[in-house]
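Secondary and tertiary structure notes
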Amino acid sequence: MTSKADEALGYEQARDELIEVVRRLEAGGTTLEESLALWERGEELAKVCRRWLDGARARLDAALAEEDTAEDAADEE
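Let us look at the structure shown here. All of these numbers come straight from a predicted model, not from anything done at the bench. (Residues numbered from 1 in each chain as written. Predicted model: local features only at pLDDT ≥ 70, side-chain atom pairs only at ≥ 80, totals over all residues. Heavy atoms only, no water.)

1. Observations concerning the environment of A46
This is how the line gets drawn: Each helix corresponds to a stretch of at least 4 residues labelled H or I by DSSP, and each strand to a stretch of at least 2 residues labelled E; elements are numbered beginning at the N terminus.
Assignment of secondary structure puts A46 in helix α3 (residues 32-76). Sequence separation of A46 and A14 is 32 residues, and the distance between their C-alpha atoms is 7.7 Å.

2. A few points about helix α2 (residues 11-27)
Quick note on the threshold: Expected helix span is taken as 1.5 Å per residue step, with the number of steps being one fewer than the number of residues.
For α2, built from 17 residues, the straight-helix expectation of 24 Å at 1.5 Å per residue is met to within 8% by its first-to-last C-alpha distance of 24 Å. Just downstream of α2, G28 is the residue with a positive phi angle, here 75°.

3. Brief notes about the pattern of salt bridges
Convention followed: Put simply, a salt bridge is a Lys or Arg side-chain nitrogen that is within 4 Å of an Asp or Glu carboxyl oxygen. Exposure classes here rest on a 1.4 Å probe applied to the protein chains alone. A residue is buried below 20% of its type maximum, exposed above 50%, and partly exposed in between.
The tally for this structure, following the rule as stated, stands at six salt bridges. D54 is paired through a salt bridge with R50; the nearest N and O atoms lie 3.7 Å apart. In this pair, D54 and R50 are both assigned in helix α3, four residues apart and thus about one turn of the helix distant. With relative accessibility at 49%, the residue R50 sits in the partly exposed group. Linking D61 and R57 is a salt bridge whose minimum nitrogen-to-oxygen distance equals 3.4 Å.

4. Focus: α3
The line we're drawing: Any two residues whose heavy atoms approach within 4.5 Å at even a single point are treated as in contact.
When the terminal C-alpha atoms of α3 are compared, their 65 Å separation across 45 residues agrees well with the 66 Å that a helix rising 1.5 Å per residue should span. Every buried residue of α3 is listed here: L38, G42, E44, L45, V48 and C49. Structurally, α3 contributes buried residues whose contacts are with α1 (4-8) and α2.

5. So, the packing of α2 against α3
Put simply, the rule is: Only C-alpha atoms enter the line fits that serve as axes; for helices the fit covers just the stretch in contact. Angles between N-to-C directions range over 0 to 180 degrees. With respect to orientation, any angle under 35 degrees is reported as roughly parallel, any angle over 145 as roughly antiparallel, any angle of 65 to 115 as roughly perpendicular, and every other angle as oblique. Note: crossing handedness is left-handed where the near helix turns anticlockwise from the far helix by less than a right angle, and right-handed where it turns clockwise.
Interaxial distance between α2 and α3 falls to 9 Å at its minimum, and their mutual angle equals 150°. Taken together, the axes of α2 and α3 lie roughly antiparallel to each other. α3 is crossed by α2, and the crossing has left-handed handedness. Residue-level inspection shows Y11, A14, R15, E17, L18, V21, R24 and L25 of α2 in contact with α3, the latter providing S35, L38, W39, R41, G42, L45, A46, V48, C49, W52 and L53.

Next comes the structure, spelled out in structure tokens:
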């Protein structure tokens, strides 16, 4: 479950933090408990990024559909 703070993160903030989480996991040297906490945080950040990307895709699709509708209307005139 994402927190209200996570929901307020912008895409770039979430992405940058996710990159740092991945870097720390790849570097190793953490305890199992720390690694699990990092993994869980990474999963939450990935969800935030996915929501931003899905929202951006929906906006693009809507804009393209609106453009197609306008073009179709102009063609009928």
